[in-house]
There are 2 protein chains.
Amino acid sequence: MLDSVDSTALHPRADNGAITVQEWVYRQLKERILTGQFVPGRSVTLRGIATMLGVSPTPVREALRRLVSERALEVHGNRRVSVPKMTRRKFDDLCAVRVSLETLAAERAMPHVDADHLERLRRLDAEVDEAVDNGEINRYLHRHREFHFSIYELGSAEVLMPLIESVWLQFSPFLRLVVSHIGVDYIVDRHADALNALERQDHAALRFAIEADVREGLGSLTESEWRDLDAVTRQAGDAPAP
Amino acid sequence: MLDSVDSTALHPRADNGAITVQEWVYRQLKERILTGQFVPGRSVTLRGIATMLGVSPTPVREALRRLVSERALEVHGNRRVSVPKMTRRKFDDLCAVRVSLETLAAERAMPHVDADHLERLRRLDAEVDEAVDNGEINRYLHRHREFHFSIYELGSAEVLMPLIESVWLQFSPFLRLVVSHIGVDYIVDRHADALNALERQDHAALRFAIEADVREGLGSLTESEWRDLDAVTRQAGDAPAP
DNA sequence: GCTGCTAGTTTGTGATCACATTGACACCGG
DNA sequence: CCGGTGTCAATGTGATCACAAACTAGCAGC
């Protein structure tokens, strides 16, 4: 259990900042999913998580159900829950929804963006590029996510953000799988275009940049790469990503 | 408790079709929310639901958390959960997301629609009109929902449907409030246009019809109507809709 | 050698209990 | 008459327990 990753990951509830155990477990699992530490196909057991985090099964069950609701996990007929596997069909749907939702979110964020935000976004983008250059997968995934969400959260936090988060939760384990098996080198992004559009307040250009960023990011997986990934997920019964 | 509404609402788990109590509770509450039996602002207590449905608090808590995840309910700082109140801001966001998601879903459904589906949709639309003419609010809400979802479920069930459902869960209590306080007479829909576009396989016309249906449906609430609805929800501590 | 059955283990589910926190309401002092 | 305070009920939370279903493994029989 050498993968105790995050800031708030002290011991079970050492922090005690008016946060419930269930909420804590939920955030732990969500973070692990978003950073791809749960590989698609991996089955998640209730007592396993409970003992891993040092809590009772009750709050774990609630956290798992929340994640199932958000489509980050799925339940099978056996009542077992696991990280959903990716299919081409689902991948296409996710891309389409990402385009639809994230262009809308970006457009809505545009009026609220100011110089400080732009500066912050540029810094994040620079860190993304840096992570790509150095081949730092974890840092790339973190910054990439931070960049996108830093835009979207400006406009409409209440309605759009949860939906986009749900899509990312479905997307991320697969993304992690791809970048760790195919490499981070082929990653292309349109962050610079998006930032310029944001600065010029150009709605159309922003939409185009976001759409291109989503579509080109992983849209061009070849047939053989799909088969390769399929083979990887097939043997995934356990064991988190390296 | 004279509002035991639905088909599957026998006694607690008299059916026993390999369905968990938690799932049953979830569906019960979801149905009640979608049909507007929980008015915005109403606070929902755990033990209250538990005794109402004749089960223990445990599965109720899980069902509530699922609904919170789907934004059908919200938790306050007090840990109390309630049906969220609608704001103009949120309403606008919901409309924009509905347009974005549902036009996409309709477009994706188009290739899969055949004569049987069209016939079924026409029948549903006729029932919607009939319900409007007779002022049958409950029937209207049911058929209206059935009409839309019958289109969307054709195309992409896996990714899009849950998102659309989440939006409808946020939308429906308010919709019920509106039609029951302002009347069902002013309701306009573009179902006929959508059906024609579907038949002609006209993507652009379909998108336009869906967008118009969403935007015109409740988009034109006047200032005084908003105030009126606000006054209604303000006094909503308890008591389901009539 | 392979299939089918059976015992033991694992896992999810739900009820119950104990505890902490919140909210309500009456009471008391000003 | 009003505001503060103490008490009690109500509520959410989480651990534990008992039970049922599912999976595993081992053995017998064909």
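Just above, that's the structure.
These remarks concern the structure in this document. (Residues numbered from 1 in each chain as written. Chains lettered and ligands numbered in written order. Predicted model: local features only at pLDDT ≥ 70, side-chain atom pairs only at ≥ 80, totals over all residues. Heavy atoms only, no water.)

## A word on the overall build of chain A
- Helix and strand counts for chain A come out as 10 helices and 3 strands.
- Reading chain A from its N terminus to its C terminus gives the helix and strand order α-β-α-α-β-β-α-α-α-α-α-α-α.
- Here chain A, with 242 residues, has 51% of them falling under the buried criterion.
- In chain A, 75% of the contacts between residues at least 6 apart in sequence involve partners at least 24 apart.
- Carbon and sulfur atoms make up 49% of the accessible area of chain A, which totals about 11300 Å². (Helix = DSSP H or I, 4+ residues; strand = E, 2+ residues; numbered from the N terminus. Buried < 20%, exposed > 50% of the residue type's maximum accessible area, 1.4 Å probe, protein only. Contact = heavy atoms within 4.5 Å. Areas by Shrake-Rupley, 256 points an atom, 1.4 Å probe, with all protein chains shown as cover.)

## A closer look at the environment of Ser172(B)
Residue and element names in this part refer to chain B.
- Structurally, the position occupied by Ser-172 is in helix H7 (residues 160–181).
- A C-alpha to C-alpha distance of 9.6 Å links Ser-172 and Val-39, two positions 133 residues apart in sequence.
- Among all residues touching Ser-172, those that are not within four sequence positions of it are Ile-33 and Leu-34.
- Of note is the side chain of Ser-172, whose polar atom sits 2.7 Å from the backbone oxygen of Trp-168. (Polar contact = N/O pair within 3.5 Å; in protein donor to acceptor, adjacent residues only side chain to side chain.)

## With respect to the relation of the copies chain B and chain A
- The transformation that overlays chain B on chain A combines an axial shift of 0.0 Å with a rotation of 180 degrees, and the residual RMSD is 0.0 Å. Look at the turn and shift together and you get a two-fold axis relating the two.
- The residues that chain B uses at the interface reappear at the interface of chain A in 100% of cases, marking a shared surface. (Least-squares fit on C-alpha atoms with pLDDT ≥ 70 in both.)

## Observations concerning the protein's contact with DNA strand D
- Taken together, 18 residues lie around DNA strand D, and Val21(A), Ser56(A), Thr58(A), Leu46(B) and Arg47(B) are the ones closest in.
- A share of 57% of the atoms of DNA strand D within 4 Å of the protein falls on sugar and phosphate groups.
- Taking Val21(A), its main chain carries an N or O atom lying 2.3 Å from a phosphate oxygen of DNA strand D.
- Thr58(A) places a polar side-chain atom, nitrogen or oxygen, 2.9 Å from a base nitrogen of DNA strand D.
- Counting residues per element, the ones that place at least two in the surface near DNA strand D are helix H1 (21–34) and helix H3 (57–69) of chain A together with helix H2 (46–53) and helix H3 (57–69) of chain B.
- If one sorts the elements of the surface near DNA strand D by residue count, H3(A) sits on top with 3 residues. (Near = heavy atom within 4 Å.)

## Notes on the protein's contact with DNA strand C
- Around DNA strand C there are 18 residues in total, and Leu46(A), Arg47(A), Val21(B), Ser56(B) and Thr58(B) lie nearest to it.
- In the model, a base nitrogen of DNA strand C is placed 2.6 Å from a nitrogen or oxygen of the Arg47(A) side chain.
- Taken together, the elements giving at least two residues each to the surface near DNA strand C come down to helix H2 (46–53) and H3 of chain A together with helix H1 (21–34) and H3 of chain B.
- Tallying contributions element by element places H3(B) first for the surface near DNA strand C, with 3 residues.
- Here the surface near DNA strand C is built from residues that sort into 5 nonpolar, 6 polar and 7 charged. (Nonpolar A, V, L, I, M, F, W, Y, C, P; charged D, E, K, R; others polar.)

## Quick look at the sheet that holds strand S1 (residues 43–44) of chain B
Residue and element names in this part refer to chain B.
- An order of S1-S3-S2 is seen for the 3 strands of this open sheet, with the pairing classed as antiparallel. The open sheet has two free edges, formed respectively by S1 and strand S2 (74–75), since each of these has just one partner strand.
- Bridging between S1 and strand S3 (residues 81–82) involves 2 bridges; their strand directions are antiparallel. What sits directly across from Val-44, in S3, is Val-81. (Pairing = 2+ DSSP bridges.)

## Overview of the packing of H2(B) against H3(B)
All names here are of chain B.
- Across the interface, H2 lies against H3 with an axial gap of 9 Å and an inter-helix angle of 115 degrees. Regarding H2 and H3, the two cross each other, and that crossing is right-handed. Side by side, H2 and H3 meet where Leu-46, Ile-49 and Ala-50 of the first sit next to Pro-57, Val-60, Arg-61 and Leu-64 of the second.
- Across the contact of H2 with H3, the residue classes break down as 6 nonpolar, no polar and 1 charged. (Axes fitted to C-alpha atoms, helices over the stretch in contact; angles between N-to-C directions. Left-handed = near helix turned anticlockwise from the far one by under 90°.)

## A word on H2(A)
All names here are of chain A.
- Taken together, the buried positions of H2 are occupied by Ile-49, Ala-50 and Leu-53. Within H2, the buried residues cover an arc of 100 degrees as seen down the axis, which keeps them to one side. Among the exposed residues of H2, those oriented more than 90 degrees off its buried face are Arg-47 and Thr-51.
- Looking at the buried side of H2, the elements it contacts are H1, strand S1 (43–44) and H3.
- At the N-terminal boundary of H2, the capping side chain belongs to Thr-45, with an oxygen 3.1 Å from the backbone nitrogen of Gly-48.
- Where H2 terminates, the next one or two residues include Gly-54, which has phi positive at roughly 75 degrees. (Arc of directions from axis to C-beta.)

## Here's the deal with the layout of surface pockets
- Computed from the structure, the second largest pocket encloses a volume of approximately 370 Å³.
- Put simply, the parts of the chain that give the lining of the second largest pocket at least two residues each are helix H4 (88–109) and helix H9 (203–218) of chain A together with helix H4 (88–109) and helix H9 (203–218) of chain B.
- Each residue belonging to the lining of the second largest pocket can be placed in one class, and the counts come to 8 nonpolar, 4 polar and 8 charged. (1 Å grid on protein atoms, 1.4 Å probe; cavity = no way out; pocket = protein on both sides within 12 Å on 5 of 7 lines; lining within 4 Å. Points joined across faces, edges and corners; volume = space filled by probe spheres on them.)

## Details of the nonpolar core
- By size, the foremost hydrophobic cluster in this structure holds 152 residues, and its most contacted members are Val25(A), Leu101(A), Tyr152(A), Val25(B), Leu101(B) and Tyr152(B).
- Among residues more than four places away in sequence, those in contact with Leu101(B) are Ser100(A), Leu101(A), Leu163(A), Leu160(B), Leu163(B), Ile164(B) and Val167(B). (Core = buried A, V, L, I, M, F, W, Y, C linked by side-chain atoms within 4.5 Å.)

## Concerning the pattern of salt bridges
- Following the criterion strictly, the structure yields 42 salt bridges over all chains and no others.
- With a closest N to O distance of 2.8 Å, Arg61(A) and Glu62(B) form a salt bridge. Of this pair, Arg61(A) sits in helix H3 while Glu62(B) sits in helix H3, each in a different chain.
- The class for Arg61(A) is partly exposed, based on a relative accessible area of 30%. (Salt bridge = Lys/Arg side-chain N within 4 Å of Asp/Glu carboxyl O.)

## Overview of the interface of chain B and chain A
- Taken together, the contact pairs 34 residues of chain B with 34 residues of chain A.
- The junction of chain B with chain A conceals about 2900 Å² of combined surface from both sides, 55% of it contributed by carbon and sulfur atoms.
- For the interface between chain B and chain A, the tally reads 6 salt bridges.
- Counting the contacts that link chain B with chain A gives 9 residue pairs in polar contact (both at pLDDT 80 or more).
- Elements supplying a minimum of two residues to the side of chain B that touches chain A: H3, H4 and H7 of chain B.
- The class makeup of the residues in the side of chain B that touches chain A is 12 nonpolar, 9 polar and 13 charged. (Buried area = accessible area lost by both parts, 1.4 Å probe.)

By themselves these figures say nothing about function.
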